[in-house]
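# Survey of secondary and tertiary structure
These are the residues of each chain, in order.
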Amino acid sequence: MGNLATVVLGVIGADVHAVGNRILAYALEQAGFKVINIGVLASQEEFVDAAIETGARALLVSSLYGHGEMDCRGLREKAVEAGIGSVLMYIGGNLVIGKREWKDVESTFIKMGFDRVYPPGTLPDDVIPQLRQDLGLT
Amino acid sequence: MELALLIDFGSTFTKVTAVDLGRETVLATARSFSTVETNIMEGFFNALRELEGYAGLDSPPYKYKIACSSAAGGLRMIAVGLVPDLTVEAAKRAALGAGARVTGVFAHELSSSEVGKIEAQDPDIILLAGGTDGGNREVIIHNAKMLAASSHLNSPVVAAGNKAAADEIRDIMVCSGKDVRITDNVMPELNVLNIDPARETIRTVFLEKIVAAKGLKKAEEFIDRVLMPTPAAVLNAAQLLAEGFEDEPGLGDLLVVDVGGATTDVHSVAGGEPTKAGISLKGLPEPFAKRTVEGDLGMRYSARALLESVGIRKLVRNCGYDKEQILKHVEKVGTNPGLLCTDEVSRGIDDALALMAVDTAVERHVGKIETVYTPFGASYIQTGKDLTGVNCLVGTGGVIVYHHDPAVIMRGALFDQDLPTVLKPVHPRLFIDREYILAGMGLLAEVRPLTALRIMKKYLAETHF
């Protein structure tokens, strides 16, 4: 597995949900990715800085406390500004509070610059093949 | 009688200390103005003569004659990295830990105007970092090319970045005839700090090249070796004093404050983990033995900068003298660094300057707590070291060593109830380096660590706040 891709994983904003983050890190490592896990309470700047320094090809953002929309706004712009504008960006979790149509939620985050948006209950096994495909690893 | 002679070639004074290794005693100390511009040995021999006069040490056979130096501007370094909070910070810490004066830091791709700035500074060593191992290679290679392309730069380059770029960097540098040393990455993985190999390499370059470049080679005709920059010797001493050696226990976690004419150095030897529950750590991990240098906080060369950083109002409040008196004093000592204060007014103002230097330098050195409000209530984030629980505080540097009541100045290092988020020591024991031996003991530690430790424990004077 000489050409594994590096990805940055973290829980954005003031969110401290650590369990899913660990599970995801484990699953991604098992799938052969080099995981840079910046953990909980991660700011946008930390995602961007980590990706620059490690040469990561994807930002995998989790948000489980309902404030994802607030926390993620401007992330793509920061990446563009920092010179890694084409980095792949995924987000998943409990992205919004209240009852909103998934289609709505998805398009909100796609407009924000995310490449893929995952609803609650998504399993790593659903994500990993798509990640491989998007990174041209298959 | 087995003797050691320990020499500190300082920017202002050359200090010599004679130690009886068998009895573990300091026989005498002496100092004389440094004569770096002419012949470094002049000032040294002046100090030596004074020493011999003191203790009847008439050219005794010293077993060791070892020196450290901060003369001729100290070890001046430039740190280059990629992201300011990550490899740039790691490179800066490695340089500081090696006892350097960091005169500039650069992030991302170097531009030609930045290379111009580096050329103008003509540093002794350039530390080139960037990228975790297997991470970004483009930027560090670009920067190596930029440095290699400069016809003016002859400073040795220590490359401590992405190992995947190391071979290419070596080729680039060697092809343009530059001195390059490849060492382990200062940040092999994200947020993992690995500064010891870089520190060692910097020291090797210091021994091989910088000693000669600073006109210190002459000194090596008479003494055995110039071993390290003075700040590295102080950090060495601090670490030995904290950790102990073999069966001889150390003093535990400690903080050393060294107020000089040009800078105030703070060294901490402590893990600095959070001391209260429910606090999460952020930022780069801290080196166990950490040194910070404040170039704007000094008693003489930097007195004006100190005034600017702290503000006149705070000084007026702390010394009771008025604005004009303070400005006059700062002007006077700034232009005349050799000045020792004799009258009451200038001593009072010097005390206030020193207090502010200690207060500000320690505040910048220690960790801070920040409150973040989340949907689940407040949570606390610590960046840097929590030094509230540190056992010992050690004061050194002219203004403290020669003061009749140094606690007045050292109080600035203590925790302040009004600033609870600044994690300064709460109830440390206070020790003063009365004989001014800390740097010397850091040197002696290289050959006789146990003796150095015992002498420090004997001669550092415990004082009370």
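Residues numbered from 1 in each chain as written. Chains lettered and ligands numbered in written order. Predicted model: local features only at pLDDT ≥ 70, side-chain atom pairs only at ≥ 80, totals over all residues. Heavy atoms only, no water.

In terms of regular secondary structure, chain B is built from 16 helices and 19 strands. Expected size for 465 residues packed as a compact globule is a radius of gyration near 23 Å; at 22 Å, chain B falls within 12% of this value. With the principal axes as the frame, chain B shows a C-alpha extent of 60 × 60 × 55 Å. Sequence-distant contacts in chain B: of pairs separated by 6 or more residues, those separated by 24 or more amount to 72%. If you sum the accessible surface of chain B, you get close to 19,000 Å²; carbon and sulfur atoms cover 49% of it. The positive charge centre, built from 48 side chains, and the negative charge centre, built from 60, are 2 Å apart in chain B. (Helix = DSSP H or I, 4+ residues; strand = E, 2+ residues; numbered from the N terminus. Rg over C-alpha atoms; globule rule 2.2 N^0.38 Å. Contact = heavy atoms within 4.5 Å. Areas by Shrake-Rupley, 256 points an atom, 1.4 Å probe, with all protein chains shown as cover. Lys, Arg positive; Asp, Glu negative; His and termini not counted. Charge placed at Lys NZ, Arg CZ, Asp CG, Glu CD.)

A count of helical and extended segments in chain A gives six helices and five strands. Taking 2.2 N^0.38 as the reference for a compact globule, 138 residues should give roughly 14 Å; the C-alpha atoms of chain A span a radius of gyration of 14 Å, in line with that estimate. Once the C-alpha set of chain A is aligned to its principal axes, its extents read approximately 45 × 30 × 25 Å. Carbon and sulfur atoms form 54% of the exposed surface of chain A, whose accessible area is close to 6,600 Å². Between the mean site of the 12 positive side-chain charges and the mean site of the 17 negative ones, chain A shows a separation of 3 Å.

All names here are of chain B. Counted under the stated rule, the structure contains 32 salt bridges over all chains. With a closest N to O distance of 2.8 Å, Asp179 and Arg181 form a salt bridge. For Arg181, a relative accessible area of 18% puts it in the buried group. A salt bridge links Asp179 to Lys209; the nearest nitrogen and oxygen atoms lie 3.1 Å apart. Of this pair, Asp179 sits in the loop between helix H5 (166-175) and strand E9 (180-182) while Lys209 is found in helix H6 (residues 196-213), placing the two residues 30 residues apart along the sequence. A relative accessible area of 18% places Asp179 in the buried class. Among the charged side chains, a network of salt bridges with common partners joins Glu24, Glu248, Arg454 and Lys457. (Salt bridge = Lys/Arg side-chain N within 4 Å of Asp/Glu carboxyl O. Buried < 20%, exposed > 50% of the residue type's maximum accessible area, 1.4 Å probe, protein only.)

Contact residues are listed per partner, giving 20 residues for chain B and 17 residues for chain A. Surface buried jointly by chain B and chain A totals about 1,400 Å² across both partners, of which 63% is contributed by carbon and sulfur atoms. Of all residues in chain B, Leu190, Lys282 and Phe376 of chain B give up the largest surface area on contact with chain A, accounting jointly for 34% of the area buried on that side. Summed over the shared surface of chain B and chain A, the result is two salt bridges. Between Glu189 of chain B and Lys34 of chain A there is a salt bridge, and its shortest N-O distance comes to 3.4 Å. (Buried area = accessible area lost by both parts, 1.4 Å probe.)

Before going further, it helps to examine the state of the cysteines. Counted under the stated rule, the structure contains zero disulfides over all chains. Cysteine Cys319 of chain B shares no disulfide, and the gap to the nearest cysteine sulfur, in Cys341 of chain B, comes to 12 Å. (Disulfide = S-S within 2.5 Å.)

Right, let's get into the packing of aromatic side chains. All names here are of chain B. This model, assessed by the stated rule, comprises eight aromatic pairs over all chains. Between the aromatic rings of Phe9 and Phe44, the centroid separation amounts to 6.0 Å while the plane-to-plane angle is 55 degrees, which identifies the pairing as tilted. Here the residue Phe9 occupies a position in strand E1 (residues 3-9), and Phe44 occupies one in helix H1 (residues 40-55), the gap between them amounting to 35 residues. Classification of Phe9 as buried rests on a relative accessible area of 0%. Clustering of aromatic rings is evident, with ring pairs tying together Phe9, Phe44, Phe45 and Phe222. Directly above the ring of Phe13 sits Arg31, whose terminal nitrogen or CZ lies 4.0 Å from the centroid. The cationic tip of Lys65 hangs over the ring face of Phe222; the distance from NZ or CZ to the ring centre is 4.4 Å. (Phe/Tyr/Trp six-rings, centres within 6.5 Å; stacked < 30°, edge-to-face > 60°. Lys NZ or Arg CZ within 6 Å of the ring centre and 35° of its normal.)

All names here are of chain B. In this model helix H2 (residues 84-97) runs 18 Å from its N-terminal to its C-terminal C-alpha over 14 residues, within 8% of the 20 Å that 1.5 Å per residue would give. Of all 14 residues in H2, ten are buried, a share of seventy percent or more. Those residues of H2 not exposed but buried are Leu86, Thr87, Val88, Ala90, Ala91, Arg93, Ala94, Ala95, Leu96 and Gly97. (Expected span 1.5 Å × (residues − 1).)

All names here are of chain A. With respect to the helices and strands, the residue Phe114 is situated in the loop between helix H5 (102-111) and strand E5 (116-118). Linking Phe114 and Thr54, residues 60 residues apart in sequence, is a C-alpha distance of 20 Å. Setting aside residues up to four positions removed in sequence, Phe114 forms contacts with Val61, Cys72, Leu75, Met89, Tyr90, Ile91 and Phe109.

This part is about the confidence of the model for chain A. For chain A, per-residue confidence averages 92 on the pLDDT scale, and 98% of positions sit at 70 or higher. Mean pLDDT in chain A bottoms out at helix H4 (residues 75-81) of chain A, which sits at 91, and peaks at E5 of chain A, which reaches 97. (pLDDT = per-residue confidence, 0-100.)

This part takes up the nonpolar core. The biggest cluster of nonpolar side chains holds 79 residues, and the ones touching the most others in it are Phe109 and Phe114 of chain A together with Phe9 of chain B. Among the nonpolar cores identified, the runner-up in size contains 41 residues, and Val310, Ala354, Leu355 and Val399 of chain B belong to it. (Core = buried A, V, L, I, M, F, W, Y, C linked by side-chain atoms within 4.5 Å.)

This paragraph deals with the pairing of strand E2 (residues 13-20) of chain B. Residues and elements named next belong to chain B. Counting buried positions along E2 yields eight of eight residues, so the element is predominantly enclosed. Of the two faces of E2, both are covered, the one formed by Phe13, Lys15, Thr17 and Val19 as well as the one formed by Thr14, Val16, Ala18 and Asp20. Sheet topology note: the E1/E2 ladder contains seven bridges and is antiparallel. Within E2, the residue paired with Phe9 across the bridge is Thr14. In this antiparallel pair of consecutive strands, E1 and E2, the connection spans three residues. Direction of pairing for E2 relative to strand E3 (residues 25-33): antiparallel, over a ladder of eight bridges. Within E3, the position partnered with Val16 by the bridge is Ala30. Following E2, the chain reverses through four residues before pairing antiparallel with E3; Glu24 in that reversal takes a positive phi of roughly 55 degrees. (Pairing = 2+ DSSP bridges.)

Turning our eyes to something else, we now look at the packing of H2 of chain B against H6 of chain B. All names here are of chain B. The N-to-C vectors of H2 and H6 enclose an angle of 50 degrees; their axes lie 9 Å apart at closest approach. Relative to H6, the element H2 is oriented oblique. Once H2 is placed against H6, the crossing between them reads as right-handed. Residues Ala94, Ala95 and Gly97 of H2 lie in contact with H6, whose contacting residues are Ala198, Arg199 and Ile202. Here the residues of the contact of H2 with H6 sort into four nonpolar, one polar and one charged. (Axes fitted to C-alpha atoms, helices over the stretch in contact; angles between N-to-C directions. Parallel < 35°, antiparallel > 145°, perpendicular 65-115°, else oblique. Left-handed = near helix turned anticlockwise from the far one by under 90°. Nonpolar A, V, L, I, M, F, W, Y, C, P; charged D, E, K, R; others polar.)

Take the pairing of strand E18 (residues 429-432) of chain B next. All names here are of chain B. Pairing between strand E17 (residues 392-396) and E18: four bridges, direction parallel. Residue pairing for E18: Gly395 is matched across the bridge by Ile432. Pairing between E18 and strand E19 (residues 461-463): three bridges, direction antiparallel. Bridge pairing links Leu430 to Thr463 in E19.

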